[in-house]
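These are the residues of each chain, in order.
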Amino acid sequence: MTKEEETKYSYFESEPVPEHILEKMEQMRKKGKHLPDLNLIKRPSQIEGIREASKINTAVLDAVSEKIHAGMTTQEIDDIVREVTASAGAVCAPYHFEGYPKSVCTSINNEVCHGIPARHRKLHEGDIINVDATTIFHGYYGDASRMFMIGKVSERRRKLVEETRRCLEIGIAAAQPWNTVGDIGAAVAKYAHSRGYSVVRELGGHGVGIEFHEDPFVAHEAKAGTGMLLVPGMVITVEPMINEGRAGVVIDPYNGWTIYTKDGSDSAQWEHTILITETGNEILTY
Ligand code: MF3
Ligand code: CO
Ligand code: CO
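Quick caveat, the model's predicted, so the values are computed rather than measured.

### Examining the overall build of the protein chain
Per the secondary structure count, the protein chain includes 6 helices and 15 strands. Over its C-alpha trace the protein chain gives a radius of gyration of 19 Å, about what one expects of a compact globule, namely 19 Å for 286 residues. Taken along the three principal axes of its C-alpha coordinates, the protein chain extends 55 × 45 × 30 Å. Each of the 286 residues in the protein chain was classed as buried or not, and the buried ones make up 56%. Of the contacts formed within the protein chain by residues at least 6 apart in sequence, a portion of 71% connects residues at least 24 apart. Summing over all exposed atoms, the protein chain offers an accessible surface of approximately 12,700 Å²; the carbon and sulfur share of this is 51%. A gap of 6 Å separates the mean positions of the 31 positive and 41 negative side-chain charges of the protein chain.

Here it is in structure tokens:
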């Protein structure tokens, strides 16, 4: 373990999970709920670390938001993310993560997620693009993504972007302490379907903070009351991927990363990292 990792994990002993939380967990276990491992419940100093990483991540997305325009390449977005992150003394989590080649994901139109920035890929007026950034600071992670509409976009695309943002908000509203992760997916899917959209099932949100991807998997289409209990101190992402057409997806056979809609329809996604608190939740990537 590096020195940084040692501090990151040592809080487990010095900051135990509060007794009243453990008692409530025990009650919920008796009701048949699936409990998180105690290492998924973040301690105060860990939460501070995740909060700092998330703040930098927000500044990174703000910088992209200021500069994004028709005619620029997705490589230029990667450059902005890399430079703003580095100048904050932080690190881009995607870079070389499981062999991923770039510092951010840029997914355009029918690309669902994990679009890879490239010099040959220009943004055109009318495109919708998701920019997904994850920042590591002092070993802690913050993960968020936003949609951008390039110039004048069609009414259909604008609606997809705005309704997907609504799906994120509805998912976050369902992420209440002592609910389960299934409650998030149930709420998101109900709304998406009511708008005639479909929900991607193969990918989803995740625990985050100490590692890039931790338990639980956060499905955006699920049955209410199922899955892992949401306990105060847990940090998860909510990041619905919503398709205008059918839910099916395919993976790029050449780069092994980029996910597209199977039917070629457009897809949108928004993401926040949130902390489950005793009274609700807190968005750390605002
Ligand atoms: N940021 C993505 C997420 O929300 C993960 C991207 S993995 C990468 O979980 F390697 F493609 F960057
Ligand atoms: Co992300
Ligand atoms: Co994520």
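### Describing the sheet that holds strand β10 (residues 241-243)
One open sheet accounts for 3 strands, arranged β6-β10-β13; its pairing is antiparallel. For this open sheet the edge positions go to β6 (198-199) and β13 (267-269), each flanked by a neighbour on one side alone. Relative to the sheet, helix α5 (residues 155-174) contacts β10 and β13, its axis offset from that of β13 by approximately 40°.

### Topic: the site of ligand 1
In the region of ligand 1, 14 residues are neighbours, and Pro94, His206, His213, Glu239 and Glu271 sit closest. A distance of 2.8 Å is found between an oxygen atom of ligand 1 and a side-chain nitrogen or oxygen belonging to His213. At 2.8 Å from an oxygen atom of ligand 1 is found a side-chain nitrogen or oxygen belonging to Glu239. Against a free-state accessible area of 340 Å², the protein chains account for coverage of 96% of ligand 1.

### Details of the coordination of the cobalt ion (ligand 2)
Protein ligation of the cobalt ion (ligand 2) involves Asp132 (OD), Asp132 (OD), Asp143 (OD) and Glu271 (OE), the donor distances falling in the range 2.1 to 2.4 Å. Given 6 donor atoms and angles of 57 to 166° at the metal, the environment of the cobalt ion (ligand 2) is assigned as irregular. Sequence positions of the residues that donate to the cobalt ion (ligand 2) give the spacing D-x10-D-x127-E. Taken as an interatomic distance, the gap from the cobalt ion (ligand 2) to the cobalt ion (ligand 3) is 3.3 Å; Asp143 donates to each of them. Placement of Asp132 in strand β4 (residues 128-137) and of Asp143 in strand β5 (residues 140-149) is noted, with a sequence separation of 11 residues between them. The buried category is assigned to Asp132, whose relative accessible area is 11%.

### Description of the coordination of the cobalt ion (ligand 3)
Within the protein, the atoms that donate to the cobalt ion (ligand 3) are Asp143 (OD), His206 (NE2), Glu239 (OE) and Glu271 (OE), at distances of 2.0 to 2.2 Å. One can describe the donor arrangement at the cobalt ion (ligand 3) as irregular, given that its 6 donor atoms subtend angles of 51 to 161° at the metal. Taken in sequence order, the residues that donate to the cobalt ion (ligand 3) follow the motif D-x62-H-x32-E-x31-E.

### With respect to the side chain of Ser103
Looking at where Ser103 falls in the secondary structure, it is placed in the loop between β1 (91-92) and β2 (105-108). Once residues within four sequence positions are removed from consideration, Ser103 is found in contact with Asp78, Val81, Arg82, Cys92, Pro94 and Tyr95.

### Focus: unusual backbone geometry
The peptide bond linking Asp215 to Pro216 adopts the cis configuration, its omega dihedral lying at 0°. Topologically, Pro216 is positioned in strand β8 (residues 214-218). One non-glycine residue, His114, lies in the positive phi region at around 60°. Mapped onto the secondary structure, His114 falls in the loop between β3 (111-113) and β4.

### So, the nonpolar core
Membership of the largest hydrophobic core comes to 39 residues, with the highest contact counts inside it found for Ile184, Leu230, Val231, Ile236, Ile242 and Ile274. Contributing elements (two or more residues each) for this core: α2 (19-30), α5, α6 (181-194), β9 (235-238) and β14 (272-276). Ranked by size, the runner-up nonpolar core spans 35 residues in total, among them Ile68, Ala90, Ile150 and Val235.

Reading the values: the criteria
Residues numbered from 1 in each chain as written. Chains lettered and ligands numbered in written order. Predicted model: local features only at pLDDT ≥ 70, side-chain atom pairs only at ≥ 80, totals over all residues. Heavy atoms only, no water. Helix = DSSP H or I, 4+ residues; strand = E, 2+ residues; numbered from the N terminus. Rg over C-alpha atoms; globule rule 2.2 N^0.38 Å. Buried < 20%, exposed > 50% of the residue type's maximum accessible area, 1.4 Å probe, protein only. Contact = heavy atoms within 4.5 Å. Areas by Shrake-Rupley, 256 points an atom, 1.4 Å probe, with all protein chains shown as cover. Lys, Arg positive; Asp, Glu negative; His and termini not counted. Charge placed at Lys NZ, Arg CZ, Asp CG, Glu CD. Pairing = 2+ DSSP bridges. Axes fitted to C-alpha atoms, helices over the stretch in contact; angles between N-to-C directions. Near = heavy atom within 4 Å. Polar contact = N/O pair within 3.5 Å; in protein donor to acceptor, adjacent residues only side chain to side chain. Donors = N, O, S within 2.8 Å, 3.2 Å for Na, K, Ca; no water. Tetrahedral: all angles 85-135°; square planar, octahedral: opposite > 155°, others 65-115°. Core = buried A, V, L, I, M, F, W, Y, C linked by side-chain atoms within 4.5 Å.

Honestly, that's just the spatial picture; any functional story needs more than this.
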